[in-house]
Amino acid sequence: MPIDIERLRDRIRDVPDFPTPGNAFSSVIDETVVQFGRGNVDKVVGIEARGFILASPVAYHFGAGFLPVRKAGKLPYQVEAEEYALEYGTATLELHADAVTPGERVLIVDDVLATGGTARAAARLVERLGGKIVGIATLIELEFLQGRKLIEGYEFFSLIRY
């Protein structure tokens, strides 16, 4: 049965200039940085692909390194891999095997928390390399998918919840 896209679109609220009037992008970055505090993050993971857009400026503001977590086969060096469940099968995320030094404090950033599988897979990769997860930050959380259940035990921050 086809999905009624207009019905879904009607359920998404557009709030102009949220969280503050003006440049919404810089506000999102600033709020994320304030939430986790300067000096508390050594590396920022961006999850492919939209997570890169948010994670890169967050890393810049922290003076931290940026780490791309990508789908299988897209990174050019030796990798650690983590398979995770999707609603319709499985997928694999990869991180360079030398991306994290044991003890480094790592923030994971993505655009949306849906079922939580991607965020949890990224956290497992970082922890396997010895990193300490400072938190997981997203712009949007789709609460009805209950993704927080898969990332319990991690500090989680999102600006917008549906």
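Considerations on the overall build of the protein chain
The secondary structure content of the protein chain amounts to four helices and seven strands. Put simply, the protein chain runs from its N terminus to its C terminus through helices and strands in the order α-α-β-α-β-β-β-β-α-β-β. Against the 2.2 N^0.38 benchmark of 15 Å for 162 residues, the protein chain shows a C-alpha radius of gyration of 16 Å, consistent with a compact globule. For the protein chain, the spread of C-alpha atoms along the three principal axes comes to 45 × 40 × 30 Å. The 162 residues of the protein chain split such that 41% are buried. Total accessible area on the protein chain is roughly 9200 Å²; 52% of this is exposed by carbon and sulfur atoms.

A closer look at the layout of surface pockets
If you add up the space inside the largest pocket, you get close to 910 Å³. Around the largest pocket, the lining comprises 34 residues; the ones closest to its centre are R50, V112, L113, A114 and L142. Only β3 (79-86), β4 (89-96), β5 (105-113), α4 (117-128) and β6 (132-141) provide two or more residues apiece to the lining of the largest pocket. Ranked by residues supplied to the lining of the largest pocket, first place goes to β5 with five residues.

With respect to the sheet that holds β3
Note on sheets: strands pair through backbone hydrogen bonds, and any given pair is parallel or antiparallel. The strand order β3-β4-β2-β1-β5-β6-β7 describes an open sheet built from seven strands, whose pairing is mixed. If you trace the sheet from one side to the other, it starts and ends with β3 and β7 (156-161), each paired once. Mean inter-strand twist for the sheet, computed between neighbouring axes without regard to direction, equals 20°. Seen against the sheet, helix α3 (residues 50-62) touches β1 (43-47), β2 (65-71), β5 and β6 and runs at an angle of roughly 170° to β1.

Some remarks on the nonpolar core
Membership of the largest hydrophobic core comes to 24 residues, with the highest contact counts inside it found for V45, L95, V100, I108, V126 and I136. Counting only elements with at least two residues in this core, the list comes to β1, β2, β4, β5, α4 and β6. It is α4 that contributes the most residues to this core, six residues altogether. Dropping the residues within four chain positions of it, V100 is found in contact with K43, L67, L95, V106, V126, L129, G130 and G131.

Some remarks on the side chain of K43
Tracing the backbone through its elements, the reader meets K43 in strand β1. Given the relative accessible area of 16%, K43 is considered buried. A polar contact of 3.0 Å, which involves the side chain of K43, links it to the side chain of E104. In this structure K43 touches A64, G65, L67, A99, V100, E104, R105, V106 and L107, once residues within four positions along its chain are discounted.

Overview of the packing of aromatic side chains
Counting across every chain of the model gives two aromatic pairs. Taken together, a centroid distance of 6.4 Å and an interplanar angle of 85° make the contact between F36 and F157 edge-to-face. Taken together, the positions of F36 in helix α2 (residues 24-36) and F157 in strand β7 put the pair 121 residues apart, joining distant regions of the chain. When its relative accessible area of 11% is taken as the criterion, F157 is described as buried. On the numbers, 5.8 Å between centres and 90° between planes, the contact of F52 with F66 is edge-to-face. Note that F52 is positioned in helix α3 and F66 in strand β2, a separation of 14 residues in sequence.

Conventions we followed
- Residues numbered from 1 in each chain as written.
- Predicted model: local features only at pLDDT ≥ 70, side-chain atom pairs only at ≥ 80, totals over all residues.
- Heavy atoms only, no water.
- Helix = DSSP H or I, 4+ residues; strand = E, 2+ residues; numbered from the N terminus.
- Rg over C-alpha atoms; globule rule 2.2 N^0.38 Å.
- Buried < 20%, exposed > 50% of the residue type's maximum accessible area, 1.4 Å probe, protein only.
- Areas by Shrake-Rupley, 256 points an atom, 1.4 Å probe, with all protein chains shown as cover.
- 1 Å grid on protein atoms, 1.4 Å probe; cavity = no way out; pocket = protein on both sides within 12 Å on 5 of 7 lines; lining within 4 Å.
- Points joined across faces, edges and corners; volume = space filled by probe spheres on them.
- Pairing = 2+ DSSP bridges.
- Axes fitted to C-alpha atoms, helices over the stretch in contact; angles between N-to-C directions.
- Contact = heavy atoms within 4.5 Å.
- Core = buried A, V, L, I, M, F, W, Y, C linked by side-chain atoms within 4.5 Å.
- Polar contact = N/O pair within 3.5 Å; in protein donor to acceptor, adjacent residues only side chain to side chain.
- Phe/Tyr/Trp six-rings, centres within 6.5 Å; stacked < 30°, edge-to-face > 60°.

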